[in-house]
Amino acid sequence: MFLKNCWYVAAQPDEIGRTPFARTICDEPIVFWRTEAGEPVAFQDRCCHRRMPLRKGETVGDRLRCHYHGLEFDPTGACVRVPGQTLVPPDARVRAYPAVQRYNWIWVWLGDPAKADEDLIIPFPWRVSEDWGDKGAYFHINADYRLVVDNLLDQSHLAFVHATTIGTAAIAENAAIRTIRTDETVTVARWMVGHPAPPTYRMMAGWDADFPVDRWAINEFRPPCAVRLLVGAAPGAAGGEAFGFASIDHPEPEGGFAFRNLNFITPETATSCHYFWSNACNLKPVTPERTDLQFRQVLKAFQQDWEVLELQQANWDDRPVVDTNADAGPLAARALIDKFIAAEIAAG
C-alpha cells in the first residue's frame, strides 16, 4: 500500500524527452514524454483501446500516438484522433498524472489531480544554489523503500558499513541522539562532540587524523519517502555543549563544512524502489572539481549501503525482528507512513 496524494520524484530531467520513457511507480506503469515546448507529461502506460503500452508509441507534435492502432492523445490524456474515422469516442482517454520539473527533477502526482499543489513538493533549494556545489545520481534498488528510510535514519551503521569513508566508532559508541516527532516529520539528531573526523571529512577539510571536531547529523523524514540531511563537522560547532542544534533548517556552523543531502526513495513495487539522491556541499571555493570530488567520496559511502539493503530484502519475511535504541527514528517514520496511508484511505 502506497500514498497517492503526494509528489514523487519520477525521473531526472535528461531521462525524459520526446521519446516515450517508462517507469513503474507505486506498482503503476507510467509513460513520460515532453511536449514540443519541453513540458513533462505523464500518462498511465496503456492505451484505452486495446491496452497497448504507450511507451511503444511516438510523439507527433504535442500528442502521443499509440503504436498499435495510431490513436493520438493530447497532454490532458484525451484522444483527439482515431485513424479511419471522424468521430472520436467520448470516453476515449488515458489517465494523465500531474507532472512538473522542480529542483532539477521530474515530479509526478499519482492521486487526485485536484489536490496536486506544487507547494507540497519537498523543498531542496541547495540543489540549484550557486553557493553550494551539488551533484546527484539515480539508483535502482531491489529493496522495500522503507528499508532505505530505516537506513538513513539509523546512522549507527556508519561505524561498520562505512568505516573507510564517513564512519567512525564514535558515531555508534559516543553519539548523543534525539528523536523529534511532529505531525508531519520525524527528525533524528545526532552529535559526536570532540572526536576525530572520519576519513572522507578529513580529506575534504584537510584535518589531521587526531584533530578533534564536533560532528552533527540532522536527518529529517517527510512522507511519502523523503529524507533530508544536514551533516558536517567543525571545531567547536556544539558551542561547548554535549549536544548542539537539532533542526534541519539551522545555519551551517562556521570553520568546517556541511553537506545538504536529499534522498527521495520512490517505491517501484513492494520490494523495489527508485533512489534519487543529491548531495550539496558548501566547502569553499565551490568549483566543479571540488563538487565532483565530494560527490565521488559520498557516493562511495552510499554505494556501500546497496548490498546491505538488497541482502536485507532477500532475507525479509514475516518473522519478528528485535529492535534496539537506534531504531527509534525508523520505527517513528514507519508509524508516520502508516498514519498517512490510513488517513488517505479513510478520506476515500
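Above this text sits the structure in question.
Residues numbered from 1 in each chain as written. Predicted model: local features only at pLDDT ≥ 70, side-chain atom pairs only at ≥ 80, totals over all residues. Heavy atoms only, no water.

**Some points on the pattern of salt bridges**
Taken as a whole and judged by the stated rule, the model has 16 salt bridges. Linking Arg65 and Glu72 is a salt bridge whose minimum nitrogen-to-oxygen distance equals 3.8 Å. Here Arg65 falls in the partly exposed class, since its relative accessible area comes to 27%. A salt bridge links Glu220 to Arg222; the nearest nitrogen and oxygen atoms lie 3.1 Å apart. For Glu220, a relative accessible area of 5% puts it in the buried group. Taken together, the shared-partner salt bridges connect Glu58, Arg63, Arg65, Glu72 and Arg81 into one network. (Salt bridge = Lys/Arg side-chain N within 4 Å of Asp/Glu carboxyl O. Buried < 20%, exposed > 50% of the residue type's maximum accessible area, 1.4 Å probe, protein only.)

**Concerning the pairing of strand S13 (residues 176-181)**
Of the pairings in the sheet, the one linking S13 to strand S14 (residues 186-196) comprises six bridges and is antiparallel in character. Considered in S14, the bridge of Ile177 is made with Arg190. In textbook terms, the turn of a hairpin is the stretch between consecutive antiparallel strands, and for S13 and S14 this stretch comprises four residues. (Pairing = 2+ DSSP bridges. Helix = DSSP H or I, 4+ residues; strand = E, 2+ residues; numbered from the N terminus.)

**A look at the sheet that holds strand S5 (residues 58-60)**
The sheet built from four strands is open, its strands ordered S5-S6-S7-S8 with antiparallel pairing. A single partner strand is all that each edge strand has here, and the edge strands are S5 and strand S8 (79-81). Bridge analysis of strand S7 (residues 72-73) against S8 gives two bridges, and the strand direction is antiparallel. From the neighbouring strand, Glu72 faces S8, where its bridge partner is Arg81.

**Some words on the environment of Glu118**
Assignment of secondary structure puts Glu118 in the loop between strand S11 (105-109) and strand S12 (133-141). Take Glu118: its relative accessible area is 36%, and that puts it in the partly exposed class. Setting aside its immediate chain neighbours within four residues, Glu118 contacts Trp7, Val100 and Arg102. (Contact = heavy atoms within 4.5 Å.)

**Focus on the packing of aromatic side chains**
By the definition in use, this model includes 22 aromatic pairs. Taking 5.4 Å as the distance between ring centres and 70 degrees as the angle between the ring planes, the aromatic pair formed by Trp7 and Trp109 counts as edge-to-face. Placement of Trp7 in strand S1 (residues 7-11) and of Trp109 in strand S11 is noted, with a sequence separation of 102 residues between them. On the basis of relative accessible area, Trp7 is assigned to the buried category, the value being 4%. On the numbers, 6.1 Å between centres and 90 degrees between planes, the contact of Phe139 with Tyr275 is edge-to-face. Of the two residues, Phe139 is situated in strand S12 and Tyr275 in strand S18 (residues 272-281); the sequence distance between them amounts to 136 residues. Assessed through its relative accessible area of 12%, Phe139 is described here as buried. Residue Tyr275 is classed as buried on the basis of its relative accessible area, which comes to 1%. Each residue in the set Phe139, Tyr275, Trp277, Phe295 and Trp306 is aromatic and connected to the rest through ring pairs, giving one cluster. Lying across the ring of Tyr138, Arg23 places its NZ or CZ 4.3 Å from the centre. Looking at Arg127, its charged tip hangs above the ring of Trp105, at a distance of 4.1 Å from the centre. (Phe/Tyr/Trp six-rings, centres within 6.5 Å; stacked < 30°, edge-to-face > 60°. Lys NZ or Arg CZ within 6 Å of the ring centre and 35° of its normal.)

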